[in-house]
Amino acid sequence: MSHTAEWKVRLHLFEDDDGTTKAHVVLDTGTTALTGHGTAHCNPADTNVPEIGDELAAGRAMHDLAHQLLNAAGNDIQGVETRQPGTVQPAGWPM
């Protein structure tokens, strides 16, 4: 059975005057939306390079989103498992 889907991802970056960069990444599946959050802080003794803050905050937001997506998949797997007494559970979806 063939399956095709398109999910949209939006990444928003915000930097304030104290060198803190915040990132929000939104995954829209068409039926559900998940939002990941990440931050990065520039040490006051370091040169403020906005691109580095963007990369760190975005990476952390995507990591948060990935964790949420894997948890959602795990919950969905548990929801569709049907075990009958006396049968061996197949390998299933590896996490």
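Residues numbered from 1 in each chain as written. Predicted model: local features only at pLDDT ≥ 70, side-chain atom pairs only at ≥ 80, totals over all residues. Heavy atoms only, no water.

Attention now goes to the overall build of the protein chain. Counting secondary structure elements, the protein chain contains 1 helix and 3 strands. Taken from N to C terminus, the helices and strands of the protein chain fall in the order β-β-β-α. Here the contacts in the protein chain between residues at least 6 apart in sequence split such that 33% fall between residues at least 24 apart. Put simply, the protein chain shows about 7600 Å² of open surface, and 56% of that area lies on carbon and sulfur atoms. (Helix = DSSP H or I, 4+ residues; strand = E, 2+ residues; numbered from the N terminus. Contact = heavy atoms within 4.5 Å. Areas by Shrake-Rupley, 256 points an atom, 1.4 Å probe, with all protein chains shown as cover.)

On to the nonpolar core. Core analysis: the biggest nonpolar cluster contains 8 residues, these being Ala23, Val25, Leu27, Leu34, Ala40, Ala57, Ala61 and Leu65. Broken down by secondary-structure element, the contributors of at least two residues to this core are β2 (20-28), β3 (33-41) and α1 (50-80). The contacts of alanine 61, once residues within four sequence positions are left out, are Ala23, Val25, Gly36, His37 and Gly38. (Core = buried A, V, L, I, M, F, W, Y, C linked by side-chain atoms within 4.5 Å. Buried < 20%, exposed > 50% of the residue type's maximum accessible area, 1.4 Å probe, protein only.)

The subject of this paragraph is the pairing of strand β1 (residues 8-15). With 8 bridges connecting them, β1 and β2 associate as antiparallel partners. Bridging across to β2, glutamate 15 finds its partner in threonine 21. The turn joining β1 and β2, which pair antiparallel and follow one another in sequence, is formed by 4 residues; a positive phi near 90 degrees is taken by glycine 19. (Pairing = 2+ DSSP bridges.)

Our next topic: the pairing of β3. Regular strands place side chains that alternate from one sheet face to the opposite one. Going residue by residue along β3, you find Leu34, Gly36, Gly38 and Ala40 tucked away on one face and Ala33, Thr35, His37, Thr39 and His41 left uncovered on the opposite face. Bridge analysis of β2 against β3 gives 9 bridges, and the strand direction is antiparallel. What sits directly across from lysine 22, in β3, is threonine 39. Linking β2 to β3, which pair antiparallel, is a turn of 4 residues; within it glycine 30 sits at a positive phi near 95 degrees.

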